[in-house]
Structures are given as C-alpha cells and as structure tokens.
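Structure at a glance
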Amino acid sequence: MNNQPSKNQIVKLSVNTTLFSYLQGSKTRQVNQKSFTRLNAFNYLIRNQKLFLNLQENTFSSFPATIQSLSDNWKWNRVTVRSFLHTLENMDIIDLAINNKGILILMKGIYLNS
C-alpha cells in the first residue's frame, strides 16, 4: 500500500461569513503591487497548511513560520502580520503557539480528505 499523499488530494475548509467580510473588508487594499491583501495572505496560510499536512502524512497538524518570514513574503510590516494572525485567532480560525524558533500555526477548519 502506498502511503504517499496524492498531489491531487482534496483539502476541505470550513469558513464563515464573518471571516469573508474581514478578508474582503475596506482595509484589504494593497499598498503596492507586490504586497498581499488579507485574502492573499489567508490563501498563503491555506497553501502552507496543505503542504505541511502532505509532508507530515497527517490529516490535522500545525505548520511552523516566523513573523519575519511572513512579513517578507506578504510585503507587510511585522506589526500588521501579528495583528492579522491575532485577529484570525480571535475569530477562532487559527491557533497560534509561540516557540523558541517562531510560531506554529494551526488552521482549525482545514484538513485533508481521507
């Protein structure tokens, strides 16, 4: 039996209208062409969660990141990244855990379809 995850594996995501309103809200403007919107950043989190789930061969797992790496990728300042992550945590969309190497992000409503 092959235990390798399929590249076409389906990811299921549970979201609510409050989250969509926040992601598409009036503050969701790009500062420049290269910076992420909130929706882009959320999509980035989804993609990274999926990649980490595939690597771990798990259906439910957090993934590591740093505020600085997210800031660099999204072209946001670190304060904005922290605020975005804490807002998602307060909305019960993600769990954050701080460790000595950075943060662990668990997207609560995302899992691989088994």
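Residues numbered from 1 in each chain as written. Predicted model: local features only at pLDDT ≥ 70, side-chain atom pairs only at ≥ 80, totals over all residues. Heavy atoms only, no water.

Next up on the list: the packing of aromatic side chains. For the structure shown, the criterion picks out six aromatic pairs. Centre to centre, the rings of Y44 and W74 are 5.7 Å apart; their planes meet at 90°, and the pair counts as edge-to-face. Of this pair, Y44 sits in helix α2 (residues 38-56) while W74 is found in helix α3 (residues 67-74), placing the two residues 30 residues apart along the sequence. According to the relative accessible area criterion, Y44 is buried, its value standing at 14%. Aromatic pair W74 and W76: ring centres 4.9 Å apart, planes at 65°, arrangement edge-to-face. By relative accessible area, which is 0% here, W74 ends up buried. Three or more aromatic residues joined by ring pairs make a cluster, and in this case those are Y22, F36, Y44, W74, W76 and F84. (Phe/Tyr/Trp six-rings, centres within 6.5 Å; stacked < 30°, edge-to-face > 60°. Helix = DSSP H or I, 4+ residues; strand = E, 2+ residues; numbered from the N terminus. Buried < 20%, exposed > 50% of the residue type's maximum accessible area, 1.4 Å probe, protein only.)

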